[in-house]
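Here are the chains, one letter per residue:
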Amino acid sequence: MTINLTVNGEDVSESAPARETLADFLRMRLQLTGTHMGCEMGVCGACLVLVDGKVVHSCLMFAAQASGSVVETIEGLSERAAIADIQEAFHQRNALQCGFCTPGMLMTAQALLSQPGVPSRDEIRDALSGNYCRCTGYEAIVDAIASVARARTAATNGCQVGEVAE
Amino acid sequence: MLLKARAFSYARPATIAEALDLFQAVGEDASYIAGGQSLVPALALRLQAPQTLIDIAHIAELRGITCDGGWLRIGALTRHCETLADPLIAKHAPLFHDAAPYVAHPAIRNKGTLGGSIALADPASEFPAMALAMGAELEIVGRDGARRVAADDYFIDLFQTAIEPGELLAAIHIPAVRPTHRWAFDELARRRGDFAIVGCGILADVRSEQIEDIRIVFFGVGNTPVRAANTEQCLTGKLLDQVAVQAAQAALADDLSPSDDEHTPAAMRIHLARVLLGRLLGRIAGET
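How each quantity is defined
- Residues numbered from 1 in each chain as written.
- Chains lettered and ligands numbered in written order.
- Predicted model: local features only at pLDDT ≥ 70, side-chain atom pairs only at ≥ 80, totals over all residues.
- Helix = DSSP H or I, 4+ residues; strand = E, 2+ residues; numbered from the N terminus.
- Rg over C-alpha atoms; globule rule 2.2 N^0.38 Å.
- Buried ≥ 20, exposed ≤ 12 C-beta atoms within 10 Å, placed from the backbone.
- Contact = placed C-beta atoms within 7 Å.
- Pairing = 2+ DSSP bridges.
- Axes fitted to C-alpha atoms, helices over the stretch in contact; angles between N-to-C directions.
- Domains from an automatic or database assignment.
- Right-handed = clockwise from strand over helix to strand, strands pointing away.
- Core = buried A, V, L, I, M, F, W, Y, C linked by C-beta atoms within 7 Å.
- Arc of directions from axis to C-beta.
- Nonpolar A, V, L, I, M, F, W, Y, C, P; charged D, E, K, R; others polar.

**A few points about the overall build of chain B**
Argument step 1. The secondary structure content of chain B amounts to twelve helices and 14 strands.
Argument step 2. Against the 2.2 N^0.38 benchmark of 19 Å for 288 residues, chain B shows a C-alpha radius of gyration of 19 Å, consistent with a compact globule.
Argument step 3. For chain B, the spread of C-alpha atoms along the principal axes amounts to about 60 × 50 × 30 Å.
Argument step 4. Relative to its 288 residues, chain B shows a buried fraction of 48%.
Argument step 5. Contacts spanning at least 24 positions in sequence make up 62% of the contacts within chain B whose residues lie at least 6 apart.

**Quick look at the overall build of chain A**
Argument step 1. When helices and strands are tallied, chain A shows seven helices and five strands.
Argument step 2. Projected onto the principal axes, the alpha-carbon positions of chain A cover approximately 55 × 35 × 20 Å.
Argument step 3. A burial count over chain A gives 47% of its 166 residues as buried.
Argument step 4. The contacts of chain A with a sequence gap of at least 6 include a subset with a gap of at least 24, amounting to 59%.

**Brief notes about the sheet that holds strand β11 (residues 181-188) of chain B**
All names here are of chain B.
Argument step 1. Ordered in space as β11-β12-β13-β14, the four strands form an open sheet in which the pairing is antiparallel. The sheet terminates laterally at β11 and β14 (226-227), the two strands that pair on one side only.
Argument step 2. Pairing geometry for strand β13 (residues 210-219) and β14, over two bridges, is antiparallel. Residue pairing for β14: Val217 is matched across the bridge by Arg227.
Argument step 3. In this fold helix α8 (residues 126-133) packs onto β12 (198-207), β13 and β14, with an angle of close to 20 degrees to the strand it touches most, β12.
Argument step 4. The strands that helix α12 (residues 266-285) touches are β11, β12 and β13; relative to β12, the one it contacts most, it runs at about 30 degrees.

**Notes on unusual backbone geometry**
Argument step 1. The phi angle at Ala81(A) is positive, at roughly 60 degrees, despite the residue not being glycine.
Argument step 2. Inspection of the secondary structure assignment puts Ala81(A) in the loop between α3 (74-79) and α4 (84-92).
Argument step 3. The class of Ala81(A) is exposed, set by 9 C-beta atoms lying within 10 Å.
Argument step 4. At Glu209(B), a residue that is not glycine, the phi angle is positive and equals roughly 65 degrees.
Argument step 5. Within the secondary structure layout, Glu209(B) lies in the loop between β12 and β13.

**Examining the sheet that holds strand β7 (residues 145-150) of chain B**
Residue and element names in this part refer to chain B.
Argument step 1. The strand order β4-β5-β10-β6-β7 describes an open sheet built from five strands, whose pairing is antiparallel. Here the strands that pair on one side only, and so sit at the sheet edges, are β4 (65-68) and β7. Sheet twist, expressed as the average angle between the axes of neighbouring strands with direction ignored, equals 25 degrees.
Argument step 2. Here β4 runs beside strand β5 (residues 71-75); their pairing, made up of four bridges, is antiparallel. The partner of Ile65 across the bridge, within β5, is Ile74.
Argument step 3. Contacting β6 (137-142) and β10 (168-175), helix α1 (residues 16-26) crosses the sheet at an angle of about 130 degrees to β10.

**Let's talk about the domain arrangement of chain B**
For interface size, the figure often reported is the accessible area lost on association.
Argument step 1. Splitting chain B by domain gives domain 1 (9-55), domain 2 (60-175) and domain 3 (181-285).
Argument step 2. The C-alpha centroid of domain 3 of chain B is placed 36 Å from the C-alpha centroid of domain 1 of chain B.

**A look at the pairing of strand β2 (residues 30-33) of chain B**
Residues and elements named next belong to chain B.
Argument step 1. Note that β2 and strand β3 (residues 52-55) share four bridges and pair parallel. Directly across from Ser31, in β3, lies its bridge partner Leu53.
Argument step 2. Handedness of the crossover joining β2 and β3 through helix α2 (residues 39-44) is recorded here as right-handed.

**Here's the deal with the nonpolar core**
Argument step 1. Leu95(B), Ile172(B), Ile202(B), Phe218(B) and Ala273(B) are the most contacted members of the largest nonpolar core, which totals 144 residues.
Argument step 2. Look past the residues within four positions of Phe218(B) in its chain and what remains in contact with it is Val198(B), Gly199(B), Cys200(B), Val226(B), Ala228(B), Leu256(B) and Ala273(B).

**Focus: the domain arrangement of chain A**
Residue and element names in this part refer to chain A.
Argument step 1. We note that the domain assignment places domain 1 (2-78) and domain 2 (83-156) within chain A.
Argument step 2. A C-alpha centroid distance of 22 Å is found between domain 1 and domain 2.
Argument step 3. Counting from both sides, the interface comprises 14 residues of domain 1 and, opposite them, 13 residues of domain 2.
Argument step 4. Broken down by secondary-structure element, the contributors of at least two residues to the side of domain 1 that touches domain 2 are β3 (48-51) and α3.
Argument step 5. Among the elements that make up the side of domain 1 that touches domain 2, the one with the highest residue count is α3 (three residues).

**Structural notes on α1(B)**
Residues and elements named next belong to chain B.
Argument step 1. Three or more residues of α1 are buried, namely Ala19, Leu20 and Phe23. Along the axis of α1, the buried residues cluster in a sector spanning 95 degrees; they form a single face.
Argument step 2. Close packing links the buried residues of α1 with β2, β3, β6 and β10.
Argument step 3. Where α1 terminates, the next one or two residues include Gly27, which has phi positive at roughly 90 degrees.

**Observations concerning the interface of chain B and chain A**
Argument step 1. If you look at the interface, chain B gives 25 residues, while chain A gives 22 residues.
Argument step 2. Mapped by element, the contributors of at least two residues to the side of chain B that touches chain A are β1 (9-11), α2, β3 and α6 (106-109) of chain B.
Argument step 3. Each residue belonging to the side of chain B that touches chain A can be placed in one class, and the counts come to 14 nonpolar, six polar and five charged.

Here is the structure:
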């Protein structure tokens, strides 16, 4: 069947079988391999993408269901520099080792930080409850997200942006 | 391991009538899909392999939340994240609101639907149990029209409800809570977002600290959400003091008969259910 959707700002029209997940569609047909597939059953969170502005598992959705939708992948967020500060914070804090889970972590972080207010560490952990990392043990990931949360709030409050005190 | 669904054909009806006709045309080897957060893994694991998926997620009639005549009508396609955020649900059907943060993880809540959860009727899920606790009525549509089934008659057995093949759950009707109502929800799970070992929701009508009426529903303890009828009866007409709570905890053994599973012996599950009951009744009594 023909699947029409917008991916990272570009209109896409591709033929794919109905049983193809959005994750496979993005990776195999569009070569957008930043979306990772760990469990293929909605547990690990490595395949998170934005569909119509909401973070969802691309392994828990068939491409056919997404037809007509606006999809943004980690490549889209990265290329338009929407998450440059989160990426930098992950780098600074060593919040990744193998990097397999990182696209999903960044998606969750961006969704959380797009909401009003500064999330507490507990709220960050709760938001990350659906993202598995088997290397770092989460502490550095929570640190990185917490530092961006403070920096973004400081920036919107008109304060000097720079190194944010712990 | 590669988990891929067996091939199927896909249809996206725009109306309920169209969806029912499609199902009729395909026969029982069709499956409706809404949010798909339980169905897609089942397809990936090939626990299910329908010929046709009928995607009902774009049917406008299945959306919307309205309050009228003391009843809240929640369209089946209301997503879990909407159930969490909607002010009408928070006000009139508070046990859905209170349970929503415990349903899976944020990304699942962005896609999963209230109707899907209640139609699937996973015995470990929060929303089916809270529908029972609040005395919901389920609006089911078929080719012969619509009917409303009381939650007490709706849950039949494991993943089995009053919905007949081809029928759709269109909406969940909840009697709006009144000023004399108190409620409490909690669950015990190994990790946040996991299915609960045991969970409970209570809705009580309390006047002058005396319980006029109470509905206590547990989940994760049997093939369906379970109303603790003996415990309810034991509490009705009582002042909610320590003696009444202890009697209720003792009565619970007559209501629950969970089976052993690989992680949790039945005795442990009943013990945890008693702990949870005590905590929730304490909250309802106004203790902290």
